[in-house]
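For reference, the chains in residue letters:
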Amino acid sequence: MVMEMLTNAARSGCRVGVLPGNSNTNVTAAVNNSLTSVSGATTTVAVNGVTANCSTGNPGDSITVTVTTPYSSVSWIPGSFLSSKTLSGSQTMRHE
């Protein structure tokens, strides 16, 4: 369930990031608006596979948004064998 939420948040952020005139600040805001029930999430933006501000992208460039959160931030089971793992969701679209 959480991984689906992370993927949907990445999709929302990526959709904002591919629009001309937007920056990583806009992407992060869109991701955070989608993740109201997940704490500790981190948003990373890449342009053509390199971490960068999406505002540097040109039409046709690949924009990837990845959202990660520690498993321990979303689990109700303390001490789980997964507690050291990280969950993530990612989306890639072409810059418009």
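In this text the structure is predicted, and so the values were computed from the model without any measurement.

Asks: I'd love a proper account of the packing of helix H1 (residues 2–17) against helix H2 (residues 24–34), names of residues and values included.
Replies: Each pair of packed helices can be summarised by the angle the axes make with each other and by the distance between the axes. For the pair H1 and H2, the least separation of the axes is 8 Å and the interaxial angle reads 150°. Here H2 runs roughly antiparallel to H1, going by the angle between their axes. Pair H1 / H2 crosses with right-handed handedness. Facing Ala9, Ser12, Gly13, Val16 and Gly17 of H1, the residues of H2 in contact are Asn26, Val27, Ala30, Val31 and Ser34. Tallied by class, residues from the contact of H1 with H2 come to 5 nonpolar, 5 polar and no charged.

Asks: Now, about the sheet that holds strand E4 (residues 86–94): what can you tell me, with residues and values included?
Replies: Taken in spatial order, the 4 strands of this open sheet run E2-E1-E3-E4, and their pairing is antiparallel. Sheet topology places strand E2 (50–51) and E4 at the edges, where each strand pairs with a single neighbour. Across 6 bridges, the pairing between strand E1 (residues 42–47) and strand E3 (residues 62–70) is antiparallel. What sits directly across from Thr42, in E3, is Thr68. Strands in contact with H1 are E3 and E4; relative to E4, the strand with the most contacts, it is inclined by about 30°.

Asks: Talk me through the nonpolar core; I want residue IDs and the actual numbers.
Replies: Among the nonpolar cores identified, the biggest contains 19 residues, and Val31, Leu35, Ile63, Val65 and Val67 are the most heavily contacted of them. Those elements giving two or more residues to this core turn out to be H1, H2, E1, E3 and helix H3 (71–74). The element contributing the most residues to this core is H1, with 5 residues. Dropping the residues within four chain positions of it, Val67 is found in contact with Leu6, Ala9, Ala10, Val31, Leu35, Ala41, Thr42, Thr43, Leu87, Ser88 and Gly89.

Conventions adopted
Residues numbered from 1 in each chain as written. Predicted model: local features only at pLDDT ≥ 70, side-chain atom pairs only at ≥ 80, totals over all residues. Heavy atoms only, no water. Axes fitted to C-alpha atoms, helices over the stretch in contact; angles between N-to-C directions. Helix = DSSP H or I, 4+ residues; strand = E, 2+ residues; numbered from the N terminus. Parallel < 35°, antiparallel > 145°, perpendicular 65-115°, else oblique. Left-handed = near helix turned anticlockwise from the far one by under 90°. Contact = heavy atoms within 4.5 Å. Nonpolar A, V, L, I, M, F, W, Y, C, P; charged D, E, K, R; others polar. Pairing = 2+ DSSP bridges. Core = buried A, V, L, I, M, F, W, Y, C linked by side-chain atoms within 4.5 Å. Buried < 20%, exposed > 50% of the residue type's maximum accessible area, 1.4 Å probe, protein only.

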